[in-house]
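Below are the chains, spelled out letter by letter.
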There are 2 protein chains.
Amino acid sequence: MTMTDLMRRLGQINDLEAAASLLSWEQETFMPPEAAAGRGLQLTTLSGLAHELLADDQTGQLLAAAQPEDDTQAAVVRVARRDYDKATKLPTAFVEERTRVQNEAHHAWLEARANSDFAAFAPYLDRLMTLARRQADLSGYDEHPYDALLDDYEPGMRASHVKAVFADLRDRTLPLLTRIRAAGDAADYSVLTRPFPHGAQKAFAWQVAGEAFGLRDQFARQDESAHPFQSSFSRSDIRITTRVEDYWPACCFGTWHETGHAMYERGVAERWARTPVSSGTSLGVHESQSRMFENLLGRSRPFWERYFPQLQAVAPEVTEGLDAETLYRAVNRVNPSLIRVEADEVTYNFHVMLRFELELALLEGSLTVAELPDAWNAKMQEYLGLTPPDDARGVLQDIHWSAGLIGYFPTYTLGNLLSVQLLEAARRSPEIAAATDRADYGPLRDWLADQVHQHGRSLTPDELTVQATGQPLTADPYVAYLHRKYEDIYSLK
Amino acid sequence: MTMTDLMRRLGQINDLEAAASLLSWEQETFMPPEAAAGRGLQLTTLSGLAHELLADDQTGQLLAAAQPEDDTQAAVVRVARRDYDKATKLPTAFVEERTRVQNEAHHAWLEARANSDFAAFAPYLDRLMTLARRQADLSGYDEHPYDALLDDYEPGMRASHVKAVFADLRDRTLPLLTRIRAAGDAADYSVLTRPFPHGAQKAFAWQVAGEAFGLRDQFARQDESAHPFQSSFSRSDIRITTRVEDYWPACCFGTWHETGHAMYERGVAERWARTPVSSGTSLGVHESQSRMFENLLGRSRPFWERYFPQLQAVAPEVTEGLDAETLYRAVNRVNPSLIRVEADEVTYNFHVMLRFELELALLEGSLTVAELPDAWNAKMQEYLGLTPPDDARGVLQDIHWSAGLIGYFPTYTLGNLLSVQLLEAARRSPEIAAATDRADYGPLRDWLADQVHQHGRSLTPDELTVQATGQPLTADPYVAYLHRKYEDIYSLK
């Protein structure tokens with residue numbers, strides 16, 4: 001009886017969260033502009049009720065008394081207890097203050113970025129860092145306060161592990177980047193801005209997302225939004241958004257990136273439906289799927305050998321005078337830039353390392369908020385040889401800190417590393433390797449569904465990584481991948 | 001303090017209902033097909049939580065202790081008490097049984113209609129009528145059990161009033177219909193199915209909805225669905241849907257119909273936001289607004305004199321060889337038909353009267369469910385001179401009964417009657433009459449906003465009718481309108 005009551009309550013919480021996700025998705029895609037204020041209140045109510053139901057004493061009693069009857073129920077109870085503990089560790093007064101400061105900080109950041117005026121944002125970031133320290137103390141940690149924050153996005157991951165992996169990655173990819181920069185261009189990059197009608201961009205990207213990666217109209221749809229994202233309201237109700245611009249790879253690779261997220265959510269086993277197990281286990285594992293589809297597959301030579309004819313058919317003006325090989329080289333341009341979201345596979349992680357190192361220093365107090373812009377610019381120079389002309393294109397470029405998301409950035413690089421580690425593990429099967437090499441991703445997708453997707457949150461990221469690849473997260477496969485791929489493209493040997 | 005608590009709770013209930021409406025709207029417009037089952041559960045959770053919050057003892061205590069500080073709060077408390085009383089009068093066990101029977105009946109009806117097999121639906125309708133009688137007993141009534149059902153859709157209206165008004169309407173419009181049928185065609189109706197590209201239909205209908213009736217992108221949007229409807233999630237977040245078909249007036253007049261509903265929701269005063277006062281006061285008053293825009297304005301001679309050039313511009317193939325007058329006559333074709341939703345202004349109300357009379361007889365027990373198809377067909381012959389070739393085009397055509405909506409049908413005709421009664425009242429202002437006669441609806445819309453829209457549910461339908469028109473609902477203005485308009489179109493004098 002209590003298991004039934006518990007499952008019923010978790011189902012309601014899941015429904016409220018799904019409804020909130022749908023309202024958020026619709027806010028970014030279709031909502032009329034004047035509806036914003038009312039929508040905000042509706043979202044507050046839905047999230048608030050979901051949180052109240054989770055953190056309620058009765059939920060605690062149901063969890064304490066729960067007698068799972070099988071592995072499925074055991075995982076639900078395990079994950080629900082983790083969520084309940086997290087939800088009850090932070091006092092309501094603290095959560096409300098954090099929400100208020102985040103709202104104020106977000107508005108201050110929007111204005112500060114528009115005016116490239118870091119000083120206007122600094123007091124808010126200072127308050128957010130104080131709140132982050134308090135949150136770490138309230139949540140508790142063994143080694144480092146950063147661990148308590150990181151745990152919200154990458155359960156079980158520790159700053160010490162991230163530090164070690166990032167240092168290894170940095171030391172072994174900085175020399176590669178230097179060699180690439182010395183090599184000059186590997187293709188004529190003007191092809192990336194040839195005229196490509198917006199509707200045709202979307203149609204091509206969506207068609208390939210279905211054919212290559214399995215995203216289908218029956219359970220998913222694509223719409224446009226200012227910033228691409230993926231959202232799902234059940235495993236049969238998945239949305240991705242894209243942005244169409246003159247730089248046409250943005251739409252294609254953005255779509256395939258979100259398709260990776262979507263197929264993860266799609267693949268969670270039906271038996272976890274309407275439970276807290278029914279989503280990806282961490283941001284890092286999620287990113288491993290999006291990056292695999294976007295980069296490891298979508299930016300691979302076999303992919304373009306296979307899909308070049310389709311691109312020719314829908315956009316002859318783009319492909320005129322080109323072949324698959326040239327396009328492959330063009331979409332793999334390595335080009336140090338100021339902006340993280342525009343970065344390529346080689347430079348992207350430096351953007352992340354920089355942020356991680358600054359977050360750590362701020363949290364530890366070895367860096368003050370006032371010193372942050374200079375520290376940012378110094379690291380940009382050290383890693384990418386660039387200095388931002390203003391803070392809008394430097395320390396103010398990302399939304400994350402203004403939204404209180406501290407401890408979030410490392411998951412981007414953890415995902416990049418894991419994407420290759422997983423792909424290498426899958427390729428130990430000769431059948432998967434052969435199919436992948438001819439851009440037939442069915443066997444790989446079956447492996448991912450089995451090893452990654454189906455488990456939802458029932459495995460922690462570390463459990464999943466060890467079980468699927470035989471070892472914890474490491475930079476080795478990613479470093480080897482970058483060398484293999486870019487030494488070839490830039491003829492470095 | 002208790003007023004604040006009460007307002008907070010009513011706000012949450014309103015937010016949950018708005019979220020449910022958004023999920024329902026999205027289900028009909030964009031949702032991928034496989035998402036249906038999960039969406040159903042989410043809707044059940046949202047509606048269930050909204051109902052739990054409303055019917056909760058604490059809500060009762062807050063209402064009992066409420067000390068409104070102004071007229072706005074007084075209206076909120078008054079309407080919330082009415083909702084609370086309704087919500088608590090029906091025992092949970094009864095509501096659950098009703099929901100279950102309605103679900104079963106709906107599926108049985110879908111199949112019965114597909115097979116035109118009334119006998120397969122009869123046992124379900126029988127159970128629904130039994131439940132309707134029990135609901136009337138539980139809810140209580142002074143005169144007639146039908147009043148208790150009607151009150152859910154048209155608060156305060158009684159069957160005796162409907163009976164009297166409908167009898168008057170029938171006796172005075174049946175002779176008019178006979179004269180029209182004897183007169184023959186008033187135009188060449190083939191214009192109504194001339195080729196009109198679907199995208200252009202939608203664009204024209206939406207453009208006019210904005211220009212003539214004030215529906216704007218800032219707070220509203222239009223999408224397609226199988227059955228047109230209006231839905232709103234706040235007064236700044238309104239949706240209408242339309243259906244595009246080869247019979248092009250369906251899209252135009254359907255859009256303007258839903259625009260009437262939309263502008264009513266838009267016009268409710270901002271001070272009622274997130275309270276139970278923040279919507280139209282009844283289905284009948286709502287229908288008066290949709291019918292006014294669709295028929296009294298959209299099917300008027302001045303309207304087509306004004307908008308014919310715009311139609312010419314977007315659809316020259318439709319208007320070729322035509323003028324505004326011919327089009328005006330064509331879109332006002334009177335043509336008795338089997339199907340309610342396809343009926344014109346003269347015959348529509350007979351479809352409604354027939355259903356009302358049968359509902360009354362079923363509820364009183366003077367008619368059995370088994371006798372219903374014959375009774376239906378006899379009345380169709382009596383009113384419209386037609387006999388359905390099968391029950392799918394007869395007694396099984398509407399979704400309402402299968403969804404347990406008994407007492408709903410009369411509101412369509414009450415709305416028709418009220419639409420003319422309101423328009424006549426507005427036209428007592430020479431300025432409004434003159435502007436309306438040149439299809440400038442600004443002054444009329446201001447009057448409607450003031451007399452109808454802004455009040456939301458703070459006035460009952462009867463209070464609103466008396467206040468705006470000087471008398472309770474009567475058939476007189478509608479009967480006079482039909483005679484004036486159709487004696488002219490069909491040259492009956």
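Computed from a prediction, not measured in an experiment: that's the story for all the values here. Note that residues are indexed from 1 along each chain, following the sequence as it is written. Whichever chain is written first is A, and whichever ligand is written first is 1; the rest continue in order. Given that the model is predicted, a residue must reach a pLDDT of at least 70 before its local features are reported, and side-chain atom pairs must reach 80 or more before they are shown or counted; all residues, however, enter totals for whole chains, interfaces and linings. Computation of side-chain values: all heavy atoms of the structure, hydrogens and water removed.

Participant: I'm lost on the overall build of chain A in this one. Help?
Facilitator: Here a strand is any run of E in DSSP of at least two residues, a helix any run of H or I of at least four, and the numbering for each starts at the N terminus. Looking only at helices and strands, chain A features 21 helices and 3 strands. Values of the radius of gyration come from C-alpha atoms, whereas the globule rule sets the reference at 2.2 Å times the count of residues to the power 0.38. The globule rule puts the C-alpha radius of gyration for 493 residues at 23 Å, and the 23 Å found for chain A is close to it. For every residue, the accessible area (1.4 Å probe, protein chains only) is compared with the maximum for its type, and the residue is labelled buried under 20%, exposed over 50%, or partly exposed between those bounds. In chain A, buried positions account for 59% of the 493 residues. As displayed, chain A has an accessible area near 19,300 Å², and 49% of this comes from carbon and sulfur atoms. His is not counted here, nor are the chain ends, while Lys and Arg score as positive and Asp and Glu score as negative. To locate a charge, take NZ of a lysine, CZ of an arginine, CG of an aspartate or CD of a glutamate. Taking the average location of the 48 positive side-chain charges in chain A and that of its 71 negative ones, the two points are 2 Å from each other. Areas reported as accessible are Shrake-Rupley estimates using a 1.4 Å probe. Residue values count occlusion only from the protein chains shown.

Participant: Whenever I open this one, the relation of the copies chain B and chain A confuses me. Can you help?
Facilitator: The relation between the two chain copies is a rotation about an axis coupled with a shift along that axis. Here chain B sits on chain A after a turn of 180 degrees about the axis and a move of 0.0 Å along it, with an RMSD of 0.0 Å. Between the two chains, the operation in question is that of a two-fold axis. Every residue of chain B has its C-alpha some distance from the rotation axis, and the shortest such distance is that of Ala 19 of chain B, at 3.5 Å. A shared binding surface is used by both copies, with 100% of the interface residues of chain B retained as interface residues in chain A. Superposition of the copies was done by least squares, using only C-alpha atoms of residues whose pLDDT is at least 70 in both. Working rule for contacts: check all heavy atoms of both residues, and any pair within 4.5 Å makes them a contact.

Participant: Would you mind going over the interface of chain B and chain A with me for this structure?
Facilitator: By a widespread convention, an interface's size corresponds to the accessible area lost as its parts come together. In this assembly, 34 residues from chain B lie in contact with 34 residues from chain A. By salt bridge we mean one thing: a side-chain nitrogen of Lys or Arg within 4 Å of a carboxyl oxygen of Asp or Glu. The tally of links between chain B and chain A comes to 6 salt bridges. The residue Arg 39 of chain A makes a salt bridge to Asp 237 of chain B at a minimum N-O spacing of 2.8 Å. In protein, a polar contact means a hydrogen-donor-capable atom and an acceptor-capable atom, both N or O and within 3.5 Å, with residues adjacent in sequence counting only if both atoms are side-chain atoms; elsewhere, any N or O pair within 3.5 Å suffices. Counting every contact that joins chain B to chain A gives 14 residue pairs in polar contact (both at pLDDT 80 or more). The leading source of residues in the side of chain B that touches chain A is helix H1 (residues 2–29) of chain B, at 10 residues. When grouped by side-chain class, the residues that make up the side of chain B that touches chain A number 17 nonpolar, 5 polar and 12 charged. Here the nonpolar group is Ala, Val, Leu, Ile, Met, Phe, Trp, Tyr, Cys and Pro; Asp, Glu, Lys and Arg are the charged ones; every other residue, Gly included, is treated as polar.

Participant: Before we go on, may I ask you to explain the environment of Gln 61 of chain A in this structure?
Facilitator: All names here are of chain A. By the secondary structure assignment, Gln 61 is in helix H3 (residues 57–65). On the accessibility criterion, Gln 61 (52% relative accessible area) is exposed. Taking the C-alpha atoms as reference points, Gln 61 and Thr 2, 59 residues apart in sequence, are found 9.3 Å from one another.

Participant: What should I look at first to understand the packing of helix H9 (residues 198–211) of chain B against helix H10 (residues 249–267) of chain B in this one?
Facilitator: For any two helices packed against each other, one specifies the crossing angle of their axes together with the interaxial distance. Residue and element names in this part refer to chain B. Viewed as axis vectors pointing N to C, H9 and H10 meet at an angle of 35 degrees, and their least axial separation amounts to 9 Å. Handedness of the H9/H10 crossing: right-handed. Of the residues in H10, those touching H9 at Gln 201, Lys 202, Phe 204, Ala 205, Trp 206, Val 208 and Ala 209 are Cys 251, Cys 252, Thr 255, Trp 256 and Thr 259. Grouping the constituent residues of the contact of H9 with H10 by class yields 8 nonpolar, 3 polar and 1 charged. Fitted lines through C-alpha atoms serve as axes, helices being fitted only where they are in contact, and the angles separating the N-to-C directions of these axes extend from 0 to 180 degrees. Two helices that cross are described as forming a left-handed crossing if the nearer one is turned anticlockwise from the farther one by less than a right angle, and a right-handed crossing if clockwise.

Participant: What exactly am I supposed to notice about the pattern of salt bridges here?
Facilitator: Pairs can form between side chains of opposite charge once their charged atoms are near each other. Using the criterion set out here, one finds 76 salt bridges over all chains in the structure. Notably, a salt bridge pairs Arg 274 of chain A with Asp 15 of chain A, separated by 2.6 Å at the nearest N-O pair. Linking Arg 274 of chain A in the loop between helix H10 (249–267) and helix H11 (283–297) with Asp 15 of chain A in helix H1 (residues 2–29), this pair joins segments that are 259 residues apart in sequence. Among the residues examined, Asp 15 of chain A registers a relative accessible area of 1% and is labelled buried. Residue Glu 357 of chain A pairs with Lys 379 of chain A through a salt bridge whose shortest N-O separation is 2.8 Å. Separated by 22 residues along the polypeptide, Glu 357 of chain A in helix H15 (residues 348–364) and Lys 379 of chain A in helix H16 (residues 372–384) bring together distant segments of the chain. The network of salt bridges with common partners includes Glu 26 and Arg 39 of chain A together with Asp 237 and Arg 239 of chain B.

Participant: Would you mind showing me how to read the side chain of Glu 265 of chain B here?
Facilitator: All names here are of chain B. With respect to the helices and strands, the residue Glu 265 is situated in helix H10. Look at Glu 265: it is buried, it has no salt bridge, and the nearest opposite charge is Arg 457 at 9.0 Å. A polar side-chain atom of Glu 265 sits 2.6 Å from a polar atom in the side chain of His 286. Setting aside its immediate chain neighbours within four residues, Glu 265 contacts Gln 230, Ser 232, Arg 235, Ile 238, Ser 278, Ser 279, Gly 280 and His 286.

Participant: Where do I start with the environment of Arg 158 of chain A in this structure?
Facilitator: All names here are of chain A. Residue position: Arg 158 is located in the loop between helix H7 (145–150) and helix H8 (159–183). C-alpha of Arg 158 to C-alpha of Pro 145: the two residues are 13 residues apart in sequence and 9.6 Å apart in space. Here Arg 158 is in contact with Asp 142, Glu 143, Asp 147 and Leu 150, once residues within four sequence places are set aside. Polar side-chain contacts of Arg 158 include one of 2.9 Å to the side chain of Glu 143.

Participant: Is there a simple way to think about the sheet that holds strand S3 (residues 237–242) of chain A in this case?
Facilitator: Adjacent strands of a sheet pair through backbone hydrogen bonds, lying either parallel or antiparallel. Residues and elements named next belong to chain A. A pair of strands counts as paired when DSSP detects no fewer than two bridges linking them. Spatially, 3 strands are ordered S1-S3-S2 in an open sheet, and the strand pairing comes out mixed. Looking along the sheet, the strands with just one partner apiece sit at the ends: strand S1 (220–224) and strand S2 (230–234). Sheet twist, expressed as the mean angle between neighbouring strand axes with direction ignored, is 20 degrees. Bridge count for S2 against S3 is 4 bridges, and the pairing is antiparallel. In the sheet register, Gln 230 faces S3, and the bridge partner there is Ile 240.

Participant: Quick question: what am I supposed to make of the domain arrangement of chain A here?
Facilitator: Residue and element names in this part refer to chain A. What counts as a domain boundary in this text is fixed by an automatic or database domain assignment. Per the domain assignment, the segments making up chain A are domain 1 (1–89) and domain 2 (90–493). Computed over C-alpha atoms, the centres of domain 1 and domain 2 are 27 Å apart. Taken together, the contact between domain 1 and domain 2 spans 26 residues of the former and 27 residues of the latter. Computed with a 1.4 Å rolling probe, the buried area is the accessible surface lost when two parts are put together, summed over both parts. For the pair domain 1 and domain 2, the summed buried area comes to about 2,200 Å², and 55% of that belongs to carbon and sulfur atoms. Between the two partners, domain 1 and domain 2, sit 4 salt bridges. Asp 83 is the partner of Arg 457 in a salt bridge, and the nearest nitrogen-oxygen pair spans 2.8 Å. Where domain 1 packs against domain 2, one counts 9 residue pairs in polar contact (both at pLDDT 80 or more).

Participant: Would you mind going over the UniProt feature "binding site: Zn(2+)" (unreviewed entry) in chain A with me for this structure?
Facilitator: All names here are of chain A. UniProt positions are given in the numbering used here, feature names are shortened, and annotations may be inferred rather than shown by experiment. UniProt's entry tags His 257, His 261 and Glu 287 with the feature "binding site: Zn(2+)" (unreviewed entry), counted in the numbering of this structure. Taken along the chain, the residues just named run across 31 residues; in space they keep tight, none of their C-alpha pairs more than 8.5 Å apart. Filtering out sequence-adjacent residues up to four positions away, His 257 remains in contact with Glu 287, Ser 290, Arg 291 and Glu 294. Topologically, Glu 287 is positioned in helix H11. Once residues lying within four places of it in the same chain are set aside, the contact partners of Glu 287 are His 257, His 261, Thr 411, Tyr 412 and Gly 415.

Participant: Even after reading the chapter, I still don't get the sheet that holds strand S2 (residues 230–234) of chain B, so can you show me in this structure?
Facilitator: Residues and elements named next belong to chain B. Read across the open sheet, the 3 strands follow the order S1-S3-S2; overall the sheet is mixed. If you trace the sheet from one side to the other, it starts and ends with strand S1 (220–224) and S2, each paired once. Along the sheet, successive strands turn relative to each other by an average axial angle of 20 degrees, direction set aside. Strands in contact with H10 are S1, S2 and strand S3 (237–242); relative to S3, the strand with the most contacts, it is inclined by about 165 degrees.

Participant: Is there a simple way to explain the UniProt feature "active site" (unreviewed entry) in chain A in this structure?
Facilitator: All names here are of chain A. Under the UniProt annotation, the feature "active site" (unreviewed entry) is placed at Glu 258. Mapped onto the fold, Glu 258 is located in helix H10. Glu 258 sits in the buried class, given a relative accessible area of 7%. For Glu 258, the residues in contact, after removing those within four places along its chain, are Pro 228, Phe 229, Gln 230, Ile 240 and Thr 241.

Participant: Any chance you could explain the packing of H15 of chain A against H16 of chain A here in plain terms?
Facilitator: All names here are of chain A. Packing of H15 against H16 leaves a shortest axis separation of 10 Å and a crossing angle of 145 degrees. Like other packed secondary-structure pairs, H15 and H16 cross with a definite hand, here right-handed. Note on element contacts: H16 touches H15 through Leu 372, Ala 375, Trp 376, Lys 379, Met 380, Tyr 383 and Leu 384, opposite Phe 350, His 351, Met 353, Leu 354, Arg 355, Glu 357, Leu 358 and Leu 362. Split into classes, the residues belonging to the contact of H15 with H16 amount to 11 nonpolar, 1 polar and 3 charged.

Participant: Please clarify how the packing of aromatic side chains should be interpreted in this entry.
Facilitator: Pairs of aromatic rings are described using the distance from one ring centre to the other and the angle between the two planes. Any two rings among Phe, Tyr and Trp, with Trp reduced to its six-membered ring, count as a pair given centres within 6.5 Å; such a pair is stacked if its planes are under 30 degrees apart, edge-to-face if over 60, and tilted if neither. Counted according to the given criterion, the structure contains 49 aromatic pairs over all chains. When the ring of Trp 401 of chain A is compared with that of Phe 409 of chain A, the centres are 6.0 Å apart and the planes differ by 85 degrees; the resulting orientation is edge-to-face. Here the two residues Trp 401 of chain A and Phe 409 of chain A agree in accessibility, since each one is buried. Here Tyr 408 of chain A and Tyr 412 of chain A contribute two aromatic rings whose centre-to-centre distance is 5.6 Å and whose plane-to-plane angle is 55 degrees, an arrangement assigned as tilted. By relative accessible area, Tyr 408 of chain A is classed as buried at 19%. Here a set of aromatic residues connected by ring pairs shows up, and it is made of Phe 204, Phe 213, Phe 253, Trp 256, Phe 293, Phe 303, Trp 304, Tyr 307 and Tyr 441 of chain A. Look at NZ for Lys and CZ for Arg. If either is within 6 Å of the ring centre and within 35 degrees of the ring normal, a charge sits over the ring. The ring of Tyr 348 of chain B carries the charged tip of Arg 291 of chain B above its face, separated from the ring centre by 4.3 Å.

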